[in-house]
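# Coordinate analysis (summary)
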Amino acid sequence: AGFDFGFDVNLCHQLRVAIGENRKRRCFRNYMTLSYWNEGTVAADSVEIRVRFAQYDIPVSASHAYTWDASDSSIVFNLGTLNANQSGSISIVDSIACVAGITGLTQCTRAWILPPNQCLIDSTTGTNWDKSSVKVTGSCINDTVRFVIYNTGDPGTGDMQGISEYRIYADNVLKETGTFQLAGGDSLVISVVSGGATIRLEADQRPGHPG
């Protein structure tokens, strides 16, 4: 009757992790939540989440046992098997060091989940995808819109191997275009004065991205 729907299912795990945290303040303890999901159709075995803290950010404790991996300066949470549609969260307490002169610095926390979604990648992409993945967030500060373009790909293995384009619209009218190329885990901040308009930013994935 003209309605199309999926007929075949890729039997793959699809793991995802996200970080939510409060404001990081010097000499204070801070709180973050790691949320994780298996959005695939089969279980994933030997799942682990790795978290890398910035220079002045010190992990204190967590609601799940972890180990330290000196090879990439990350803490490692071993989750074991994560079934299809299973999700969970881990609470982490960290502390910004009491070091003079660091007020105003940005302390970035990076998290990634393993094993990679290779089955899904192989079944939905070509061979040219560079494993980068672009995400855009936006926030309003007075009359200015602050956009951040993230490459959420893993550092090193998810670096963008070429440029992508972004477009800025004001009330659905194209106002500006530009290009970006980010290493895995890196980001680009773009600020736009709204002038009372509704501002939107679109950023392209690299060729072959499964999304």
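Residues numbered from 1 in each chain as written. Predicted model: local features only at pLDDT ≥ 70, side-chain atom pairs only at ≥ 80, totals over all residues. Heavy atoms only, no water.

Time to look at the state of the cysteines. Applying the stated criterion to the full structure yields one disulfide. Between the sulfur of Cys27 and that of Cys98 lies a disulfide, 2.1 Å long from S to S. Residue Cys27 is found in the loop between β1 (15-21) and β2 (29-38), and its partner Cys98 is found in the loop between β7 (87-96) and β8 (110-114); the two are separated by 71 residues along the sequence. Cysteine Cys108 is unpaired, with the sulfur of Cys27 as its nearest cysteine sulfur at 20 Å. Exposure remark for Cys108: the relative accessible area of 48% places this residue in the partly exposed category. (Disulfide = S-S within 2.5 Å. Helix = DSSP H or I, 4+ residues; strand = E, 2+ residues; numbered from the N terminus. Buried < 20%, exposed > 50% of the residue type's maximum accessible area, 1.4 Å probe, protein only.)

Attention shifts here to the sheet that holds strand β5 (residues 67-69). The strands that make up a sheet pair up through hydrogen bonds in the backbone, lying either parallel or antiparallel. Ordered by their spatial adjacency, four strands build an open sheet running β5-β6-β3-β8, and the pairing between neighbours is antiparallel. Bordering the open sheet on either side are β5 and β8, each of which pairs with just one other strand. Recorded for the sheet is a direction-independent mean angle of 30° between the axes of neighbouring strands. Examined bridge by bridge, β5 and strand β6 (residues 74-82) share three bridges and lie antiparallel to one another. Following the sheet pairing, Trp68 is matched in β6 by Ile75. (Pairing = 2+ DSSP bridges. Axes fitted to C-alpha atoms, helices over the stretch in contact; angles between N-to-C directions.)

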